[in-house]
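Below are the chains, spelled out letter by letter.
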Amino acid sequence: MAIQTITTHPIPGQRPGTSGLRKKVGTFQQPHYLENFIQSVFYTLGDCEGKTLVLGGDGRYHNRAAIQTILRMAAAHGYARVLVGRGGILSTPAVSCVIRKHQASGGIVLSASHNPGGPDGDFGIKYNIAAGGPAPESVTEAIFHHSETITQYRISDAADIDIDRVGSGQMEQMRIEVIDPVADYAELMQRLFDFGAIRKLFAGGFTMRFDGMSAVSGPYAKAIIEGMLGAPAGTVINGEPLEDFGGHHPDPNPVNAAQLIALMAEDDAPDFGAASDGDGDRNMIVGRRFDVTPSDSLAILAANSGVAPGYRAGLKGIARSMPTSRAADRVAEALGIPCYETPTGWKYFGTLLDAGLATLCGEESYGTGSDHIREKDGLWAVLFWLNLLAATGKPVEEIVAAHWARFGRNYYSRHDYEAVDAEAARLLMADLRIKLPVLAGTVLNTHEVDFADDFAYTDPVDGSSAQQQGVRIVMKDGSRIVYRLSGTGTEGATLRVYLELHEADPAQHHRPTQQALASLIAAAESVASIAMHTGRATPTVIT
Ligand code: G16
């Protein structure tokens, strides 16, 4: 074994987006591409001598090859120990959990989250810091700057290590521990939720389907829901992680998890349905013929958090991303706790969680989590709902309807225009920004504009700031239209239009969502001329 220094040259485009560096698999397979990025991470971290790193991914195509490369580079940089999930598998929340539990200096997550996998699909890399959460922008920008000037990287020429059996091995001076990917995570869940009550629920005949979407959460769900909680075998479907996710688009929303939605609409549907995404940090909650919006899910869990032992002491605060509906704000107000509004990206919750300002966090993009780790956590949200269902004995729809009756309903939808021409999307946003100063006071389809701006954020803990985080048009009646460009796509640009309208009257709580939002949808088109700019008359995905 010897450590080699390899000459390289900068490869453009290695700036991490909303959540790490995401590109087509083919891009990552180019010579030096992965190595350049990892070397840039190690340059940014400085001295890695004697430290512990956590390494794992969602099992998608290229995961195994990337793990061997990263192990060789970690060995060349003096790491004392790397904890790798067996088979290269670790969900994003499990990485966060393992970093914190084993006091590692950080972790590398190999995932492009909900983006499709396989040789023609996407791949991604994210660095997580010692607190367990995604690296803040100061770190990701430093990584990017190193990638622009890189001339060489260091790597061991050691042979591949067997990562398919729990145990330990050695590479250069570095110890490699292959760990059970589920054990630490399952132990944490057991401390947070009332497993006894959930076990009783299943023993009483309660039925559920958890759709693992052939991605990483299957093994976690099988071990916890079928194993520890006693749900019958077959409760977890699509539970084997496959390199191409079995052709699924592992994004748990009613469009991509159509199989589960159809199942939940059958006459003999299970009592409860849930799905998680590629890397296990997203969740979708479904009742019989009824899906719960992620924004409502956050608000409902916050309002009922006392059912779970881990949250009985009360919540310190709630945080949500700006485009997420304001349903959680109403709960925070009722509880007398603050509600923080951050830019899109889980990384913005980290400082609030570390400082003890927020306990629960959530995003409209099917992400919910808490201060138990520093990532959003799909299975955690599902277990929280199971705990709630066990504590109340009520069906999902009844719990949601009761919540709306108390707080009003925030009708909510996101319209995505995917893979549009990047320049056309840029122009659309630029035109919108020009209009912002004159929108206040105008009437858009009966909605009078209160204010319109481009969301900017200053972190209340460390004072860091972020500009141009989404154009929002806020009406006097409390409804909102938000426009932003996705930071996670890999093809052209994705325009997201978020629509929200608060309805206090319970008699109006059961309308079809798109119908309830029709006047805002028309207003969104008239202000931004979406069809003219993008050439698209309708969105590609509506959630
Ligand atoms: C990532 C981020 C989330 C964000 C989502 C969508 O999720 O961690 O914070 O809400 O992307 O971002 P965008 O609207 O920019 O595409 P994940 O699950 O993909 O890691």
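Procedures and definitions
- Residues numbered from 1 in each chain as written.
- Predicted model: local features only at pLDDT ≥ 70, side-chain atom pairs only at ≥ 80, totals over all residues.
- Heavy atoms only, no water.
- Helix = DSSP H or I, 4+ residues; strand = E, 2+ residues; numbered from the N terminus.
- Polar contact = N/O pair within 3.5 Å; in protein donor to acceptor, adjacent residues only side chain to side chain.
- Contact = heavy atoms within 4.5 Å.
- Domains from an automatic or database assignment.
- Buried area = accessible area lost by both parts, 1.4 Å probe.
- Salt bridge = Lys/Arg side-chain N within 4 Å of Asp/Glu carboxyl O.
- 1 Å grid on protein atoms, 1.4 Å probe; cavity = no way out; pocket = protein on both sides within 12 Å on 5 of 7 lines; lining within 4 Å.
- Points joined across faces, edges and corners; volume = space filled by probe spheres on them.
- Nonpolar A, V, L, I, M, F, W, Y, C, P; charged D, E, K, R; others polar.

1. What about the side chain of His114?
Structurally, His114 can be placed in the loop between strand S5 (106-110) and strand S6 (122-128). There is a polar contact of 3.1 Å between the side chain of His114 and the side chain of Ser113. Looking at His114, its side chain comes within polar contact range of the side chain of Asn115, at 3.3 Å. The residues touching His114, leaving out its near neighbours within four places in the chain, are Arg22, His249, Pro250, Asp251, Asp277, Gly278, Arg282 and Thr488.

2. Here's the deal with the domain arrangement of the chain
Taken domain by domain, the chain comprises domain 1 (3-181), domain 2 (185-407) and domain 3 (409-542). For domain 1 and domain 3, the distance between their C-alpha centroids amounts to 36 Å. Contacts between the two partners involve eight residues from domain 1 and, on the opposite side, five residues from domain 3. Summed over both partners, the interface of domain 1 with domain 3 buries about 520 Å², with 43% contributed by carbon and sulfur atoms. Three residues stand out in domain 1 for area buried against domain 3, namely Thr18, Arg22 and Lys24, and they jointly supply 63% of the buried area on that side. Linking domain 1 with domain 3 are one salt bridge, by the criterion used here. Ionic pairing is found between Lys24 and Glu491, a salt bridge with its closest N-O pair at 3.8 Å. Between domain 1 and domain 3 we count one residue pair in polar contact (both at pLDDT 80 or more) in total. Ranked by residues supplied to the side of domain 1 that touches domain 3, first place goes to strand S2 (residues 21-24) with three residues.

3. Overview of empty space enclosed by the protein
With the rule as written, the count across this model stands at five cavities of 30 Å³ or more. Computed from the structure, the largest cavity encloses a volume of approximately 310 Å³. Taken together, 29 residues line the largest cavity, and the ones lying closest to its centre are Thr18, Ser19, Arg282, Lys376 and Thr488. The computed volume of the second largest cavity comes to approximately 100 Å³. Lining the second largest cavity are 14 residues; nearest its centre among them are Pro16, Gly20, Lys126, Tyr127 and Thr140. Counting residues per element, the ones that place at least two in the lining of the second largest cavity are S6 and helix H5 (137-149). No other element matches S6, which puts three residues into the lining of the second largest cavity. For the lining of the second largest cavity, the class distribution of residues is seven nonpolar, five polar and two charged.

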